[in-house]
Number of protein chains: 2
Amino acid sequence: MAKLSAEELERRIRLVPDFPKKGILFLDVTTVFNDAEAFKSIIDTLAEKYAGQKIDHVAGVEARGLVIAAALAYRLGCGMTMIRKPGKLPADTISESYALEYGTNEIQMHKDAFKPGERVLLVDDLLATGGTMRAAISLTEKLGAKVVGVAFVVELCFLSGAEKFNGYELYSMIKRK
Amino acid sequence: MAKLSAEELERRIRLVPDFPKKGILFLDVTTVFNDAEAFKSIIDTLAEKYAGQKIDHVAGVEARGLVIAAALAYRLGCGMTMIRKPGKLPADTISESYALEYGTNEIQMHKDAFKPGERVLLVDDLLATGGTMRAAISLTEKLGAKVVGVAFVVELCFLSGAEKFNGYELYSMIKRK
């Protein structure tokens, strides 16, 4: 299978109006995951970008980030790390809270997920305001690991989330103005 | 990397007493996912088993099942389908409820996840009583797709969950008596 272009991948994302609430246009990447050619294309594109960077773990945030992290970790031959909502991981965890439009959210990682100095790639499906991923960086650095890169399938450029990642190697496959 | 044996994979699963509640010994497979050699071994073992079976989609149940489904779908060159808890999938869904010890649970899949006649492999980390996976089979068959197999990393044999899968091709990599 030939690798699809960013433009073609963008066309295969389903747009769902008014989800999760009125006025939000939701980018549903499950249609890309469910499509063999598109799924392989996003993983191969990311793999080519990060091959040779000696990555120890690819970490993804629950739930769609886990899908990308798992396939990419397999492809790169490294470990796959789950970043989850509170109360889901069974052993000792570290937590990080971040602000939402109203209130706060929290994500957790196992305390022994990374050893100091290990090289970690963080992935998610969508860069909106960037709060979740910024929290994932904090968790990674609390464990003394190095964030080699931060990668997204889609970036919503009009939300300016990229500004939160100054000093990090940020990559977005599809940029929506 | 050489493929690890089932015995060695079992040793790398973390056992967490009293999670999610007192008296339960939780099998934490995140230690296997996080370990490059072990993660590659489980995916390669599954891939060898299902190669040549013309699978169209590998579907996994939120959240740990997604990790296995994603890496395996990538490896087999097919689509990856998310089965999720209610309210998480943005487009039109079908639902299936199943009984728990106390009360019921529900999982959902997008209505257009599979076309009639497509060949689907269902995967999860753990076979306990089998209720969730049985519901995943019902969802798949409601869409007219064929369940080619049902695969788990670990089966808790003393819970007799396998009995729920008569007539299906069931595979468990690690069998705990």
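Description of the structure in this document. (Residues numbered from 1 in each chain as written. Chains lettered and ligands numbered in written order. Predicted model: local features only at pLDDT ≥ 70, side-chain atom pairs only at ≥ 80, totals over all residues. Heavy atoms only, no water.)

This part is about the pattern of salt bridges. Any two side chains of opposite charge can pair, so long as their charged atoms come close to each other. Residues and elements named next belong to chain B. A full pass over the atoms with the stated rule returns 32 salt bridges over all chains. Salt-bridge contacts for R12 lead to E37; the nearest nitrogen and oxygen are separated by 3.1 Å. Of the two residues, R12 sits in the loop between α1 (6-11) and β1 (14-17) while E37 sits in helix α3 (residues 36-50), which places them 25 residues apart along the sequence. The partly exposed category is assigned to R12, whose relative accessible area is 24%. With a shortest N-O distance of 3.0 Å, E96 and K142 are connected by a salt bridge. (Salt bridge = Lys/Arg side-chain N within 4 Å of Asp/Glu carboxyl O. Helix = DSSP H or I, 4+ residues; strand = E, 2+ residues; numbered from the N terminus. Buried < 20%, exposed > 50% of the residue type's maximum accessible area, 1.4 Å probe, protein only.)

Regular strands place side chains that alternate from one sheet face to the opposite one. Residues and elements named next belong to chain A. Most of strand β4 (residues 79-83) is tucked away, with 5 of its 5 residues classed as buried. Neither face of β4 is exposed, since G79, T81 and I83 on one face and M80 and M82 on the opposite face are all buried. Relative to β4, strand β3 (residues 57-61) is paired through 5 bridges, and the arrangement is parallel. Within the sheet, the bridge partner assigned to A59 lies in β4 and is T81. Considered for its hand, the β-α-β crossover made up of β3, helix α4 (residues 64-76) and β4 is right-handed. (Pairing = 2+ DSSP bridges. Right-handed = clockwise from strand over helix to strand, strands pointing away.)

Another point: the relation of the copies chain A and chain B. When chain A is fitted to chain B, the best match, at an RMSD of 0.0 Å, comes from turning it 180° and sliding it 0.0 Å along the axis. The two molecules are tied by a two-fold rotation axis, judged by turn and shift. Every residue of chain A has its C-alpha some distance from the rotation axis, and the shortest such distance is that of A71(A), at 2.0 Å. (Least-squares fit on C-alpha atoms with pLDDT ≥ 70 in both.)

With that out of the way, let us pick up a positive patch on the surface. A cluster of like positive charges, contributed by K85(A), K88(A), K85(B) and K88(B), occupies part of the molecular surface. By secondary structure assignment, the location of K88(B) is in the loop between β4 (79-83) and β5 (93-99). On the basis of relative accessibility, which here comes to 34%, the residue K88(B) falls in the partly exposed class. (Patch = residues over 30% accessible without salt bridge, like charges linked within 9 Å, V, L, I, M, F, W, Y side chains within 5 Å. Areas by Shrake-Rupley, 256 points an atom, 1.4 Å probe, with all protein chains shown as cover. Lys, Arg positive; Asp, Glu negative; His and termini not counted. Charge placed at Lys NZ, Arg CZ, Asp CG, Glu CD.)

The subject of this paragraph is helix α5 (residues 131-142) of chain B. All names here are of chain B. With 12 residues, α5 should cover 16 Å at 1.5 Å per step; its first-to-last C-alpha distance of 17 Å lies within 8% of that length. Next to the buried residues of α5 lie β3 (57-61), β4, β5, β6 (104-110), β7 (119-127) and β8 (146-156). The first or second residue beyond α5 is G144, which carries a positive phi of 80°. (Expected span 1.5 Å × (residues − 1). Contact = heavy atoms within 4.5 Å.)

On to the sheet that holds β4(A). The strands that make up a sheet are held in pairs by hydrogen bonds between backbone atoms, and each pair lies either parallel or antiparallel. Residue and element names in this part refer to chain A. Pairing within the open sheet is parallel, and its 5 strands lie in the order β4-β3-β7-β8-β9. Both edges of this open sheet fall to β4 and β9 (170-176), since each of them pairs with a single strand only. The sheet shows a mean angle of 15° between the axes of neighbouring strands, direction not considered. Pairing of β3 with strand β7 (residues 119-127), which is carried by 4 bridges, proceeds in the parallel orientation. For H57, the partnering residue across the bridge sits in β7 and is V120. This element, helix α3 (residues 36-50), spans β7, β8 (146-156) and β9 of the sheet and lies at about 145° to β9. (Axes fitted to C-alpha atoms, helices over the stretch in contact; angles between N-to-C directions.)

So, on to α3(B). Its 15 residues place the ends of α3(B) 21 Å apart at the C-alpha level, agreeing with the 21 Å of an ideal helix rising 1.5 Å per residue. Listed in full, the buried residues belonging to α3(B) are A38(B), F39(B), S41(B), I42(B), I43(B), D44(B), T45(B), L46(B), A47(B) and Y50(B).

What follows concerns the sheet that holds β3(B). Residue and element names in this part refer to chain B. If you trace the 5 strands from one edge of the open sheet to the other, you get β4-β3-β7-β8-β9, paired in parallel fashion. A single partner strand is all that each edge strand has here, and the edge strands are β4 and β9 (170-176). Each strand axis lies, on average, 15° off the axis of its neighbour in the sheet, ignoring direction. Lying on the sheet, helix α4 (residues 64-76) is in contact with β3, β4, β7 and β8; it crosses β3 at an angle near 165°.

Let's shift gears to unusual backbone geometry. In this structure, the amide linkage connecting F19(A) to the following residue, P20(A), adopts the cis form with an omega of -5°. We note that D18(B) has phi near 60°; this positive angle belongs to a residue other than glycine.

Okay, the interface of chain A and chain B next. When the parts come together, some accessible area is lost, and that loss is often what is quoted as the size of the interface. Contacts between the two partners involve 42 residues from chain A and, on the opposite side, 42 residues from chain B. For the pair chain A and chain B, the summed buried area comes to about 3,200 Å², and 62% of that belongs to carbon and sulfur atoms. Three residues stand out in chain A for area buried against chain B, namely N34(A), Y74(A) and P90(A), and they jointly supply 24% of the buried area on that side. D112(B) serves as the salt-bridge partner of R14(A), at 2.6 Å between the closest nitrogen and oxygen. Our count for the contact surface shared by chain A and chain B stands at 20 residue pairs in polar contact (both at pLDDT 80 or more). For the side of chain A that touches chain B, the elements supplying multiple residues, two or more each, are β1 (14-17), β2 (25-28), α2 (30-33), α3, α4 and β4 of chain A. (Buried area = accessible area lost by both parts, 1.4 Å probe. Polar contact = N/O pair within 3.5 Å; in protein donor to acceptor, adjacent residues only side chain to side chain.)

Function-wise, these values are silent; they only describe arrangement.
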